[in-house]
Amino acid sequence: MIPSIPQPKSFRAMYAAYIVMFFVYLVMPLAVVAIFAFNDSMFPSLPWGGFTMDWFFNPTEPRLGLFHDGRLLESIWTSFFIACWVTVLSVAVGTTNAFLFERRDFPFKSFLYMLMLLPLVVPGVILGISILVFSSTIANWLENSFGIDVEFLRPSTFLVIVGQFSFIATITTLVIAARLRKFDTALEEAAQSLGASRLTAVWTVTLPYLKPAIIGAAIVAFLMSFENFNTTLMLVGSDQPLTIAMYGRLREGSTPELNALSLLLMAVSGGLALLSVFVQREKD
Amino acid sequence: MNLRAATQLSLFLLLAPLLVWLIGLIILPHADMFAISLRERVALRTYEFSFANYTEFFTEPLYWRTFARTAIMSTLATALTLLISFPVSYYIAKMLRGRLKAFLFLLCLVPFWVSELVRTFGWMILLRESGVFSNLLQWVGLADGPVEMLYNDATIMVGLVYTSMLFMVVPLVTTLDSLEDAQVEAGYDLGGNAFSVLRTIIIPHAMPGIVSGCIVVFMLTLGNYLTPVLLGGKDNLWFTAQIYTQFITRFNWELGAAFGFLLLGLSSLIVWTGLKLSRQTLTETMG
């Protein structure tokens, strides 16, 4: 079953057909979402009503276009705000973790490393509810003991950021640590023997070397935060991020506006994903 | 400040973010959730230690049946994902070379940069009563009227397998890539046929990839919320949806926390068993 072993022609043809079918299966749902964004009809379904750009640009109800829909635009902004914070926090912690695990020895190192991996195998809903429970325990305690009401410890944008950070930090750590592992410490030592302090050496030699991984980790963190649903659902406050707002509309019965939005998301995240592949490739 | 003190200080500075994160956001919240699952509301704002929430889970058939159903369907979805993606991964890893190989591998990843919501939405457009497949069937003449293909178990399965595909294909391609062509050829030279070569050479070699793929897919499927709820409709219960109901709709956090702990227990047990059976460690598979 490798190219050098002769196989019956019919088998090869069947195998190739299976691969083609697989990719059709993979692409089909995304293709229909994209196509129906241009359907001139109130519903994202057949019959095809002709081509229109209304679902992007029409300024009035009932065929409100995406770029005029205040509520949706607001939720995009909320998601963007959350994703920026999650990215900054998890890249920062990911970088310190990478230095810690790759460069240092300390008691319980392998135990802490395993603990650091755990968020990857805890279902998102459970991460969400555990943080919800814990933060409200703290909030209740503060309220009962001191009479202060700390609003951000109740479901809120703050909790969403914290909840997403709790597992995305693991991913950024793994990405940055993988790159740091390949770094030749002799370069840092050379900088130090030329008179640089340790911190200067890290800042001017090691960090620039890590840059592709840091950018890559940042893109991954941003995308994962932007599209997260399970953890966000449990922690969301009055400002709805995009995924939650879209979910609400999907349940109400959707219009092709959602398709238009999905197409926009595909374009943006596809572009970012390609960028991250490109940045990662540069390093090798 | 001498060198030793500086080293100590920098170690402390590097440790601090890790410990704040792990203790504050992972360990304490889970411990607190466990504590809450072990109490019972006896009066307004008065709680007592009890196993009542766990007893309720086992005595109420709806709860444990949903739990079992979620576990069984996740297992089935994992097996199906493996079955579908193995030939594809093998094709990409061993039958193709160069550009086409890289391109198809990248193509496998592309759908997964789009949010799960969009992917599920795509399936809804395809499968609903007024959807693409229903119209296609009528147009071809295989159906007389609209066909509703949403809201059943088969549809949930299609969605779950679709969502999980990436997490199976990537580890499989990686392990199969490292299999030497010569080993496969040797298998044929020694008189093996396609089946025996697959059974004795290819699958054993791919085992680490198979196990890590299965663990991740099972874990993600078990914890999935969107796909079962959107494609399965109201009657098709998924355990995460039960947790959501207890927390957000009923505001019964005690029972919800118990459910959360049971789900966490199940997923940890399966991951642990998978690692033990394949003699791998979490650090090796995930790190």
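Preceding this paragraph is the structure being described.
Residues numbered from 1 in each chain as written. Chains lettered and ligands numbered in written order. Predicted model: local features only at pLDDT ≥ 70, side-chain atom pairs only at ≥ 80, totals over all residues. Heavy atoms only, no water.

(A) Region of the structure containing the overall build of chain B. The helix and strand inventory of chain B stands at 13 helices and two strands. For a compact globule of 287 residues, the expected C-alpha radius of gyration is about 19 Å, and chain B comes in at 24 Å, more than 25% above that figure. Taking the principal axes of its C-alpha atoms as reference, chain B extends roughly 80 × 70 × 35 Å. Within chain B, counting contacts between residues at least 6 apart in sequence, those at least 24 apart form 65% of the total. For chain B, the computed accessible surface area is about 13700 Å², with 67% contributed by carbon and sulfur atoms. (Helix = DSSP H or I, 4+ residues; strand = E, 2+ residues; numbered from the N terminus. Rg over C-alpha atoms; globule rule 2.2 N^0.38 Å. Contact = heavy atoms within 4.5 Å. Areas by Shrake-Rupley, 256 points an atom, 1.4 Å probe, with all protein chains shown as cover.)

(B) Examining the pattern of salt bridges more closely. Residue and element names in this part refer to chain A. Counted under the stated rule, the structure contains eight salt bridges over all chains. In this structure, E102 engages R181 in a salt bridge whose closest nitrogen and oxygen atoms are separated by 3.1 Å. Of this pair, E102 sits in helix α3 (residues 70–103) while R181 sits in helix α6 (residues 157–181), and the two are 79 residues apart along the sequence. With a closest N to O distance of 3.1 Å, E143 and R154 form a salt bridge. Separated by 11 residues along the polypeptide, E143 in helix α5 (residues 124–146) and R154 in the loop between α5 and α6 bring together distant segments of the chain. The partly exposed category is assigned to E143, whose relative accessible area is 36%. (Salt bridge = Lys/Arg side-chain N within 4 Å of Asp/Glu carboxyl O. Buried < 20%, exposed > 50% of the residue type's maximum accessible area, 1.4 Å probe, protein only.)

(C) View of the packing of aromatic side chains. All told, the structure shown has 31 aromatic pairs over all chains when counted by the stated rule. Relative to F106 of chain A, the ring of F101 of chain A lies with its centre 6.2 Å away and its plane at 45 degrees, an arrangement referred to as tilted. Note on F106 of chain A: relative accessible area 8%, which makes it buried. Taken together, the ring pairs connect F57, F58, Y63, F67, F239 and F259 of chain B into an aromatic cluster. It is R179 of chain A that lies over the ring of Y209 of chain A; its NZ or CZ is 3.9 Å from the centre. (Phe/Tyr/Trp six-rings, centres within 6.5 Å; stacked < 30°, edge-to-face > 60°. Lys NZ or Arg CZ within 6 Å of the ring centre and 35° of its normal.)

(D) Up close: the pairing of strand β1 (residues 39–43) of chain B. Residues and elements named next belong to chain B. As paired elements, β1 and strand β2 (residues 46–49) share four bridges and run antiparallel to each other. Residue pairing in the sheet places R41 in a bridge with Y47 of β2. Count of turn residues in the β1/β2 antiparallel hairpin: two residues, of which R45 carries a positive phi of about 60 degrees. (Pairing = 2+ DSSP bridges.)

(E) Structural detail: the interface of chain B and chain A. Contacts between the two partners involve 86 residues from chain B and, on the opposite side, 82 residues from chain A. Counting the surface lost from both chain B and chain A, the interface buries some 7800 Å², and carbon and sulfur atoms represent 80% of this. Linking chain B with chain A are zero salt bridges. In this structure, the connection of chain B to chain A is made through 10 residue pairs in polar contact (both at pLDDT 80 or more). It is helix α1 (residues 3–37) of chain B that provides the largest number of residues to the side of chain B that touches chain A, a total of 20 residues. (Buried area = accessible area lost by both parts, 1.4 Å probe. Polar contact = N/O pair within 3.5 Å; in protein donor to acceptor, adjacent residues only side chain to side chain.)

(F) Focus on helix α11 (residues 239–249) of chain B. Taken as a whole, α11 of chain B has its buried residues at F239, T240, A241, Q242, I243, Q246 and F247 of chain B. Contacts made by the buried residues of α11 of chain B are with α5 of chain A together with α2 (52–59), α3 (61–95), α9 (194–222), α10 (226–232) and α12 (253–277) of chain B. Positive backbone phi, at 60 degrees, marks F251 of chain B, one or two positions downstream of α11 of chain B.

(G) Summary view of the side chain of T70 of chain B. All names here are of chain B. As for its placement among the helices and strands, T70 is situated in helix α3. Here T70 falls in the buried class, since its relative accessible area comes to 1%. Excluding its chain neighbours within four sequence positions, the residues that come into contact with T70 are L222, W238 and F239.

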